[in-house]
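Understanding the architecture of this molecule
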Number of protein chains: 2
Amino acid sequence: MTLYVERGFEQTTVAEIAELAGLTERTFFRYFADKREVLFSGASSLQELMVNAVRDAPATLSPYDAIAQGIAAAGEAIGPGHDRARLRQHVIDANNELKERELIKMATLSGALAQALHERGVDEPTSSLAAEAGIAVFRVAFERWVRGRDDVALGVVIDESIATLSAITHREERYA
Amino acid sequence: MTLYVERGFEQTTVAEIAELAGLTERTFFRYFADKREVLFSGASSLQELMVNAVRDAPATLSPYDAIAQGIAAAGEAIGPGHDRARLRQHVIDANNELKERELIKMATLSGALAQALHERGVDEPTSSLAAEAGIAVFRVAFERWVRGRDDVALGVVIDESIATLSAITHREERYA
DNA sequence: TACGTGATGACAGTTAGTGACATCACGTGC
DNA sequence: GCACGTGATGTCACTAACTGTCATCACGTA
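Here's a quick rundown of the structure. The residue numbers shown here count from 1 along each chain, following its written sequence. Here chains are named by letter from A upward and ligands by number from 1 upward, in the order in which they appear as written. Per-residue local features of the predicted model are confined to residues with pLDDT of at least 70, and side-chain atom pairs are confined, for both listing and counting, to 80 or more; whole-chain, interface and lining totals are unaffected and use all residues. Values reported for side chains reflect all heavy atoms of the structure, with hydrogen atoms and water molecules removed beforehand.

Some words on unusual backbone geometry
The omega torsion of the bond from Glu124(A) to Pro125(A) falls at 0°, within 30 degrees of zero and hence cis. If you trace the backbone, Pro125(A) turns up in the loop between helix H7 (96-119) and helix H8 (126-147). A run of DSSP states H or I qualifies as a helix once it reaches four residues; a run of E qualifies as a strand once it reaches two. Both are numbered from the N-terminal end.

Rendered as C-alpha cells:
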C-alpha cells in the first residue's frame, strides 16, 4: 500500500513489494491471487456484513428498504475511515485495472444482495433490480463522500442518495 | 472470436489469434490494446448511440425518462442479434477478466450518460444516480433477454424492467 | 525516380502469474 | 526425546501478455 501510494500501482513490481515485506514473490502470490487483490482484501467481510443486514432486516420491510439497511451497515463500517478511504480511492482511480477489479467486487456484492433478497421471498427480477439499484446508490454516495468534506457523514450522504433515487424514478412528480 | 468460442478465452493465446488472422502478435496489439478488447470493439459506437438518444430526447422528459430513451435505443441496436449476443455473453461469463472489462465499459457508459444529462441541465447527484439506475436496468434486462426465449423482444424486457424499478423504489405502495 | 509516410515485421526485454519440488518449523503421538 | 505429518516458505523453471525500438516495405506524390 505504501508503495502503491508512493509511486503508483503500475510502477510497483511484485518483486519490490515482496522485498519490502521480507518474503519472496512466490509467497506473495500465495497470499494474494494477484497484484490487485491487495487493495480488496476487505471486500468479502464487507459483503458478509451487508448480506447479514439484509437478511436480518424486519420481514415487513420492502426489498428496497431491506437493501437500504445493508447499505447503511456498510456506511457504518466504512464511515470512520475517511482518510484511509480517500487514499485508497486515489490509488484505484489512477489505474484502470484497479477500477475493473473494484467494479467486479461491486457486481459480486450485487449478486449476493440479490440472493439475500431471494431468501426473503423476493422474486426475480425484483431482487436483482433492487440489488443493482442499491449498489448504484452506494457507488454514487461513496464517491460523493470521498470527494467531499471531512465532516459530512457517509450515512447522511447515503440516506440522501436513497431518497434522491426514489424521487428520480417517480416519473410523474416533477416533470410532465 | 471463433477461437474464444471453441477453446475458451484463457486457452487462446494471442499467437494463435495472430496466426489465424495471418499477422504477427505485434500487429495484433496495434489493433487491440489487449487480448480482451477484441470482444468490446463495438462498445464505443453503442455508447455514442445512447448518448445521442439522451441528448436528443424532448426537453420536457424527466432525467429518468431521458435515460430510458437511451436504453431503448441500445435495445433497438442490439435486439436483432440475439444469437450473436448469446454467444458473446457465453464467452464473457466464463471468464472473470472479461467480466471486469465488460463492467468498466458499463461504468464508462454510465459516466457518459450522466454527462449527457448534465448537458440537459440536470444537477449532481441526480444525473449520476439516474445514469447508474439506467445502467442497472439495462444490465438486468439484457441478462434476462440473453438467457430467455428467442421470441421475447429486448425492448419489451427493457420496458418491464424500467417499470419494475419505479415500483421498487416507491417505498410506500406495496409494503408497510 | 527519389521521397515521405503509414502499416507491418523482427526481435529483445520486462513482468505477472503458475507448477513442481525441496526445505523447514512445529505440534502431536508414542 | 524422537519420528512423523503438516502447513508455510523458498527455489527454480516456464509461459504468455504486453512494450519499445528499429528495419522493411508498399504506395501515393512531387
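Having seen the structure, we can now continue with the description.
Focus on the environment of Ser62(B)
Residues and elements named next belong to chain B. Here Ser62 is to be found in the loop between helix H4 (43-55) and helix H5 (63-78). On the accessibility criterion, Ser62 (2% relative accessible area) is buried. Between the C-alpha atom of Ser62 and that of Ala116, which follows or precedes it by 54 residues, the distance is 13 Å. Under the scheme applied here, a residue whose accessible area is under 20% of the maximum for its type counts as buried, over 50% as exposed, and between as partly exposed, the area being computed with a 1.4 Å probe on protein chains only.

A word on the protein's contact with DNA strand D
Here a residue counts as near a molecule or strand whenever at least one of its heavy atoms sits within 4 Å of it. Around DNA strand D sit 14 residues in total, of which Thr24(A), Thr27(A), Arg30(A), Tyr31(A) and Arg26(B) are the nearest. What qualifies as a polar contact is a pair of N or O atoms within 3.5 Å, subject to a donor-acceptor requirement within protein and to the restriction that residues adjacent in sequence count only when both atoms come from side chains. Thr24(A) is positioned such that a nitrogen or oxygen atom in its side chain is 3.0 Å from a phosphate oxygen of DNA strand D. At 3.0 Å from a phosphate oxygen of DNA strand D is found a main-chain nitrogen or oxygen belonging to Lys35(B). Secondary-structure elements contributing two or more residues to the surface near DNA strand D are helix H3 (25-31) of chain A together with helix H3 (25-31) of chain B. Looking at the surface near DNA strand D, the element that brings in the most residues is H3(A), giving 4 residues. All amino acids are sorted into three groups, where Ala, Val, Leu, Ile, Met, Phe, Trp, Tyr, Cys and Pro are nonpolar, Asp, Glu, Lys and Arg are charged, and the leftover types, Gly among them, are polar. Within the surface near DNA strand D, the residues separate by chemical class into 4 nonpolar, 4 polar and 6 charged.

Let's talk about the packing of aromatic side chains
By convention here, two paired aromatic rings are described through the distance between centres and the angle between planes. Note on aromatic pairs: the rings of Phe, Tyr and Trp (six-membered ring only in Trp) are paired at centre separations within 6.5 Å, and the planes decide the class, stacked below 30 degrees, edge-to-face beyond 60, tilted for the rest. One pass over the structure, following the stated rule, counts 10 aromatic pairs over all chains. Both rings, one in Phe28(B) and one in Phe29(B), keep their centres 5.3 Å apart while their planes meet at 85°; by these two values the pair is edge-to-face. Relative to Trp145(B), the ring of Phe142(B) has its centre 5.8 Å away and its plane inclined at 50°; by these criteria the two rings are tilted. Of this pair, Phe142(B) and Trp145(B) both sit in helix H8 (residues 126-147), 3 residues apart, roughly one helical turn. Considered together, Phe142(B) and Trp145(B) belong to a single accessibility category, that of buried residues. Following the ring pairs from residue to residue traces out a cluster consisting of Phe28(A), Phe29(A) and Phe32(A). Note on criteria: charge over ring means Lys NZ or Arg CZ within 6 Å of the ring centre, with the direction from the centre no more than 35 degrees off the ring normal. The aromatic ring of Phe9(A) is capped on one face by Lys35(A), whose charged end is 4.4 Å from the ring centroid.

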